[in-house]
Amino acid sequence: MKKRFLLLGLLSASFLFLHAQQNAMIRPGEIWKDIDGNPINAHGGGVLFHNNTYYWFGEIKKGKTWRVPGVTSWEDYRVDASGISCYSSKDLLHWKYEGIALSPDKKNSTSDIHYTKVIERPKVIYNDKTKKFVMWMHIDKDDYGYAHAGVAISDKPEGPYRYLGSEQPNGQMSRDMTLFKDDDGKAYHIYSSESNQTMHICLLSDDYLKPTATYKRILVNANREAPALFKYKGKYYLITSLCTGWDPNKALYAEADHPLGEWKQLDNPCVGPDADITYHAQSTYVLPVEGKNNSFIFMADRWNKTDLEDSRYIWLPLVFKDNKPVIEWKDQWTPAK
Ligand code: GAL
């Protein structure tokens, strides 16, 4: 009897070991499962590092994809808005589902976060003064004619987040967006504005809940979206894509000495095969690997426009070579430990 228990124990231990091994590398473009074995559903996402834990927030893309009738000038494929998910991890490989961080409104069709609306590209930062976690996101109507930025707040990183409302910062359109919190505690909201022709970067209020009147037009008339801003050795870098809907295109990075400074559009950070279409993906975030110098993760979405739920994550190492950010394709890899 004892022997049988020992055998069972050994078998289940090796099963758990193998299961853990399967996740022990990042495999860009493959289905990525959480530690419960369910595909991670966190698109257009961003990552917060807090108390030695990474929190990955993203759009929940669930159910049937359809094309919005009446929108003919571009391929407006969409799913019902299912809210924002949160996953946590210590090692960037094994992710635990923390639940829905921001739930959609199922009843009030006039609500910004009603399931018939668009809730995209959520990003979360922590405010050291108010001790609140602040989420910003792109809020839109199904034809993307609303172009607002929404804000939600929580006491805990994983949520639940309470939706506070949305606006057009300084009366300007806001679509694809990201947040950047600088070392001095100042935070910035970066968004495609002016009908996606020009980006804006706006200093947020001290509590991060409102835009201030301090903003700058950048990448003027360059038609950029999918912004991902990060800092390395005192300089600021902004990776963006061109505006081609769900279809991939060539990424570019820009460089500046200050978030509100002069942004110089430079080059494609991606190299090698399919670099001109960002390895069939679109930027969403650049995550500095905590405690590692010159080690970043380029996070992108490989959208499947006719089945958005099956969109995949392209996470690749980004390193600086000759003072330039460089991203190279890897079938599988492990972040620096
Ligand atoms: C992309 C944008 C996505 C989503 C999509 C809708 O250009 O980056 O976040 O809004 O358009 O077609």
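This text gives an overview of the structure that appears in the document.

What counts as what
- Going along each chain's sequence as written, the residues are numbered from 1 onward.
- Local features in this predicted model are restricted to residues of pLDDT 70 or higher, and side-chain atom pairs are both shown and tallied only at a pLDDT of 80 or more, whereas totals for entire chains, interfaces and linings draw on every residue.
- Only hydrogens and water are removed before side-chain values are computed, so all heavy atoms of the structure are retained for them.
- Comment: elements are numbered from the N terminus, with helices defined as DSSP H or I runs of at least four residues and strands as E runs of at least two.
- When accessible area is computed with a 1.4 Å probe and restricted to protein chains, residues below 20% of their type maximum are described as buried, those above 50% as exposed, and intermediate ones as partly exposed.
- Under the pairing criterion, centres of Phe, Tyr and Trp rings, with the six-membered ring standing for Trp, must be within 6.5 Å; the plane angle then separates stacked pairs below 30 degrees from edge-to-face pairs above 60, leaving the rest tilted.
- Working definition: residue near molecule or strand if any one of its non-hydrogen atoms lies within 4 Å of it.
- Polar contacts, as used here, are pairs of N or O atoms within 3.5 Å; protein pairs need one atom able to donate a hydrogen and one able to accept it. Residues neighboring in sequence count only if both atoms are side-chain atoms.
- To be clear on the numbers: accessible area is Shrake-Rupley with a 1.4 Å probe, and residue cover counts the displayed protein chains and nothing else.
- Asp, Glu, Lys and Arg are counted as charged, while Ala, Val, Leu, Ile, Met, Phe, Trp, Tyr, Cys and Pro are counted as nonpolar; the rest, among them Gly, fall into the polar class.
- In what follows, a contact means two residues having at least one pair of non-hydrogen atoms within 4.5 Å.

### Remarks on unusual backbone geometry
P160 follows G159 through a cis peptide bond whose omega is 5°. Mapped onto the elements, P160 comes out in the loop between β9 (148-154) and β10 (162-167). The residue A147 is not glycine, and still its phi comes out positive at about 50°. Its place among the elements puts A147 in the loop between β8 (132-140) and β9. Not every positive phi belongs to a glycine, and Y208 is a case in point at roughly 65°. Inspection of the secondary structure assignment puts Y208 in the loop between β13 (198-204) and β14 (211-218). Residue classification places Y208 among the buried positions, given a relative accessible area of 2%.

### Section: the packing of aromatic side chains
Under the criterion given, the structure shown has 23 aromatic pairs. A centroid spacing of 5.2 Å and a plane angle of 75° characterise the contact between W56 and W95, whose relative ring orientation is edge-to-face. Here the residue W56 occupies a position in strand β2 (residues 53-61), and W95 occupies one in the loop between β5 (81-89) and β6 (96-102), the gap between them amounting to 39 residues. In this structure W56 comes out as buried when scored by relative accessible area, which is 0%. The buried category is assigned to W95, whose relative accessible area is 0%. Relative to Y313, the ring of W56 lies with its centre 5.1 Å away and its plane at 80°, an arrangement referred to as edge-to-face. Of the two residues, W56 sits in strand β2 while Y313 sits in strand β22 (residues 312-321), which places them 257 residues apart along the sequence.

### Points about the site of the ligand
Around the ligand sit W74, E120, R121, Y144, D176, E225, G245, W246 and Q282, and that is every residue in its neighbourhood. E120 places a polar side-chain atom, nitrogen or oxygen, 2.6 Å from an oxygen atom of the ligand. Taking E225, its side chain carries an N or O atom lying 2.3 Å from an oxygen atom of the ligand. Contact with the protein chains covers 95% of the free accessible surface of the ligand, which is 310 Å². When grouped by side-chain class, the residues that make up the shell around the ligand number 3 nonpolar, 2 polar and 4 charged.

### Brief notes about the environment of K61
Take K61: it is sitting in strand β2. Note on K61: relative accessible area 6%, which makes it buried. When the C-alpha atoms of K61 and T110 are compared, they prove to be 21 Å apart, with 49 residues separating the residues in sequence. In contact with K61, not counting residues within four places along its chain, are N41, H43, V79, E120, W246, W303, L308 and E309. Reaching out from K61, the side chain makes a polar contact with the side chain of E59 at a distance of 2.8 Å.

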